[in-house]
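Listed here are the chains, written in short residue letters.
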Amino acid sequence: MADEWANSSPGGSDLHLDLSGPGGVRASLIRALRDAVRSGRLAPGTRLPPSRSLATDLGLARNTVADAYGELVAEGWLTARQGSGTRVAERAAQRTTPPRSRPTARPAPAPRTPPRRPNHGPNSLYAGSPDLSSFPRAAWLAAARRAMATAPNEAFGYGDPLGRIELRRALADYLARARGVRADPERIVVCAGFIQGLSLLSRVLRRNGARRLAVESYGLDFHRDLITAEGLRTTPLTVDHHGASTSMLSGRKDLSAVLLTPAHQFPTGVPLHPDRRAAAVDWARSTGGLILEDDYDGEFRYDRQPVGALQGLDPERVAYLGTASKSLAPGLRLAWTVLPAPLVEQVAAAKSAGERHPGVLDQLTLAEFITSGAYDGHLRAMRLRYRRRRDRLVAVLAERVPTVRVSGIAAGLHAVLRLPPGTEREAVRGAEWLGLAVQGLDHFRYPYPEEAGAGAIRPQAAHAIHSVQAVPDIPDGLVIGYGTPAEHAFAGTLETLCEVLQAIV
């Protein structure tokens, strides 16, 4: 396969544009760029990707992009100077935010202990972790030095519970251009990992009177456990080849929120269908509910144009959660949530009252890493590496175990291997015997009502009494995290995986 989607230009920047709508591709591109500037997603002075890079990313002819740039320069939306590239003109309105009072951070009791994840060393194909050996040490160190040299003295105080303003500004610009998020620095809260962001939102929802939150019927159990620990009950939404069945939200006034992975459902790997995105937003608008959008690996796409964030459809009804755990490393403990305006003060207050704050130096370093362009460069390099790994996985399985079907591979850091019925547990046990850590699809399945404790409703009775919905029968399979092994261990890990699969199919 070609590598254009993964690494169209080493020096380029990611830019999310919606080219849908009437007219040809040139007119659609001009309209999308103009709207991005007008709405503030592309701030004055922002450097746009080279025409060749953007053309490759969008699957357009380079002349189409060059013509669109030229027309917007003529209209005054963009400027183009030799050696400076194409940038958003300074005439665009600057973003303004009314002043607000912020809660003062204060010493507090010890933070909650996050769930422990297993560490199986080099022979692990667990999903959810990047290749840690690829962390950009030199570039990160250079960014840290630059950040330290320019940091104001006040940066090393207790600070704002929302996080350092430098990072929030950098994230607002990056998320707007790369993920289609309508972000403002004053609506961003920097968190010590995704878990903290989810915990804070669950706590605020509970304090606001919420009782039940919908989740996808396949997902991470410790996310559900965390939500439950904050006093909320969970209800599963069926997952199929179009993602979560958000039509199940219709009429559910007992639900106050829903947690979704729209760009790349975990673990099945499918994007949420546009109709289901619209259904989720319609439900939130009609009931006053909140969508929690987990965009855990939205930057990693390979064979298709990027799926923009759901948050762009309605920023007042969607809380966007992102993290550097997959793009850089989970050890940084850096994540962020972009909130509807009414929730900002509540989440900031909850965070200041006993929650861990990310380190100032790491926040300043990430801000510098993003604004310098190093983050975009790192992501493009990692897309290429992970794309090649994915292609290698698919090719090896096609040669050695051709009866195993691979799915969910258009984006992300994992793939799903479909297995014959009744063989999933045997495959997991066989892998453990050979020292290989893998997880089956069943590991991520929402517990059936009879497994979920007292008061649960059996699937066949779910629709009749409008309670817990039935979980679908998804075929047996393995969830393979091909981003996890270090480069030197990847070949041996694939060999062991093939041995396991050859023994059961």
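For clarity, every value in this text was computed on a predicted model and none was experimentally measured. (Residues numbered from 1 in each chain as written. Predicted model: local features only at pLDDT ≥ 70, side-chain atom pairs only at ≥ 80, totals over all residues. Heavy atoms only, no water.)

A. How the structure looks around the sheet that holds strand 14 (residues 439-440). Taken together, four strands build an open sheet; the order of strands is 12-13-15-14 and the sheet is antiparallel. Every interior strand has two partners, whereas the edge strands, strand 12 (405-407) and strand 14, have only one. As judged from the three bridges shared by strand 12 and strand 13 (residues 415-418), these two strands associate in the antiparallel manner. Each residue of the ladder has a partner; that of Val406, found in strand 13, is Leu417. Packed on one face of the sheet, helix 12 (residues 424-433) meets strand 14 and strand 15 (477-480) and runs near 45 degrees to strand 15. (Pairing = 2+ DSSP bridges. Helix = DSSP H or I, 4+ residues; strand = E, 2+ residues; numbered from the N terminus. Contact = heavy atoms within 4.5 Å. Axes fitted to C-alpha atoms, helices over the stretch in contact; angles between N-to-C directions.)

B. Spatial organisation of the pairing of strand 10 (residues 318-323). Of all six residues in strand 10, six are buried; the element is thus mostly enclosed. Of the two faces of strand 10, the one lined by Val318, Tyr320 and Gly322 and the one lined by Ala319, Leu321 and Thr323 are each fully buried. Of the pairings in the sheet, the one linking strand 9 (residues 290-294) to strand 10 comprises four bridges and is parallel in character. Within the sheet, the bridge partner assigned to Ile291 lies in strand 10 and is Val318. Where strand 10 lies against strand 11 (residues 335-338), four bridges are found, and the strand directions are antiparallel. (Buried < 20%, exposed > 50% of the residue type's maximum accessible area, 1.4 Å probe, protein only.)

C. The layout of surface pockets, seen in detail. Of the pockets and cavities examined, the second largest pocket occupies roughly 800 Å³. Lining the second largest pocket are 32 residues, with His16, Leu17, Asp18, Ser20 and Gly308 sitting closest to its centre. Secondary structure elements with two or more residues in the lining of the second largest pocket: helix 1 (25-38), helix 2 (51-58) and helix 8 (274-287). If one sorts the elements of the lining of the second largest pocket by residue count, helix 1 sits on top with five residues. For the lining of the second largest pocket, the per-class residue count stands at 14 nonpolar, nine polar and nine charged. (1 Å grid on protein atoms, 1.4 Å probe; cavity = no way out; pocket = protein on both sides within 12 Å on 5 of 7 lines; lining within 4 Å. Points joined across faces, edges and corners; volume = space filled by probe spheres on them. Nonpolar A, V, L, I, M, F, W, Y, C, P; charged D, E, K, R; others polar.)

D. Highlighting empty space enclosed by the protein. Applying the stated criterion across every chain, the model contains two cavities of 30 Å³ or more. Quantified by volume, the second largest cavity comes out at close to 40 Å³. As for the second largest cavity, its lining consists of Gly128, Phe266, Tyr296, Asp297, Lys326, Leu413 and His414. Considered class by class, the residues forming the lining of the second largest cavity number three nonpolar, two polar and two charged.

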